[in-house]
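Architecture and fold: a report
Each chain is listed here by its residues.
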Amino acid sequence: MPRPENEPDQPAGRRRLRRAARSEDGVAAADRAVKAKNQLTPRWWIFLMVALMVAGLLWIVVFYLSSSQLPVPGWRNWNLVAGFGLVLVGFAMTTRWR
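So, here's what we can say about the structure. Treat the numbers as computed from the prediction; the structure is a model and nothing was measured.

Cut-offs used in this document
- Residue numbering note: each chain is counted from 1, following its sequence as written.
- Note on the predicted model: pLDDT of at least 70 is required for a residue's local features to be given, and 80 or more for side-chain atom pairs to be given and counted; whole-chain, interface and lining totals, by contrast, use all residues.
- In computing side-chain properties, one takes all heavy atoms of the structure into account and sets aside hydrogens as well as water.
- Only Phe, Tyr and Trp rings take part, Trp by its six-membered ring, and two of them pair if their centres are within 6.5 Å. Stacked means planes under 30 degrees apart, edge-to-face means over 60, and tilted covers everything else.
- In DSSP terms, a helix is any run of H or I states spanning at least four residues, a strand is any run of E spanning at least two, and both are numbered starting from the N terminus.
- Three exposure classes are used, based on accessible area relative to the maximum for each residue type with a 1.4 Å probe and protein chains only: buried under 20%, partly exposed in between, and exposed over 50%.
- What a helix is expected to span follows from its residue count: subtract one and scale by 1.5 Å.

Observations concerning the packing of aromatic side chains
As enumerated under the stated definition, the model contains three aromatic pairs in all. Between the aromatic rings of Trp 59 and Trp 75, the centroid separation amounts to 6.1 Å while the plane-to-plane angle is 25°, which identifies the pairing as stacked. Remark: Trp 75 occurs in the loop between α3 (43-65) and α4 (78-94) and Trp 59 occurs in helix α3; sequence separation between them is 16 residues. Exposure remark for Trp 75: the relative accessible area of 40% places this residue in the partly exposed category. Ring centres of Phe 63 and Tyr 64 lie 5.6 Å apart, and the angle between their planes is 65°; this geometry places the pair in the edge-to-face category. Accessibility expressed as a relative area gives 56% for Tyr 64, which makes it exposed.

This is the structure we're talking about:
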């Protein structure tokens, strides 16, 4: 179906939004946001992420091998929560890794 002569190609709202997104220097604010979002994570992030997961795994293994006596004797079964917590934090960090 052809468009009438007086109807623009785009709705006025889209043109207005695109004009509003432009800054004085002509670079779209949305382009800057995408570039900032796509930056790589620092190298220490990867090491910390892996270290937390390995530390949590070792915490759980030590807990089981010591028959619930170590790593912190007073915590008893809360040692499992601590170990799984470390692993969980490490896995949560993987969501931000680029």
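So much for the structure itself; the text now carries on.
A short note on α3
Taking 1.5 Å of rise per residue, 23 residues should cover 33 Å, and α3 covers 33 Å from first to last C-alpha, within 8% of that figure. Backbone geometry just downstream of α3 places Ser 67 in the positive-phi region, at approximately 55°.

A closer look at unusual backbone geometry
In this structure, the amide linkage connecting Leu 70 to the following residue, Pro 71, adopts the cis form with an omega of 0°. Residue placement: Pro 71 occurs in the loop between α3 and α4. Unlike most non-glycine residues, Ser 68 shows phi in positive territory, near 70°. Here Ser 68 lies in the loop between α3 and α4. Using a relative accessible area of 31% as the deciding quantity, one classes Ser 68 as partly exposed. Although it is not a glycine, Arg 76 adopts a positive phi angle of roughly 50°. Since its relative accessible area comes to 61%, Arg 76 is described here as exposed.

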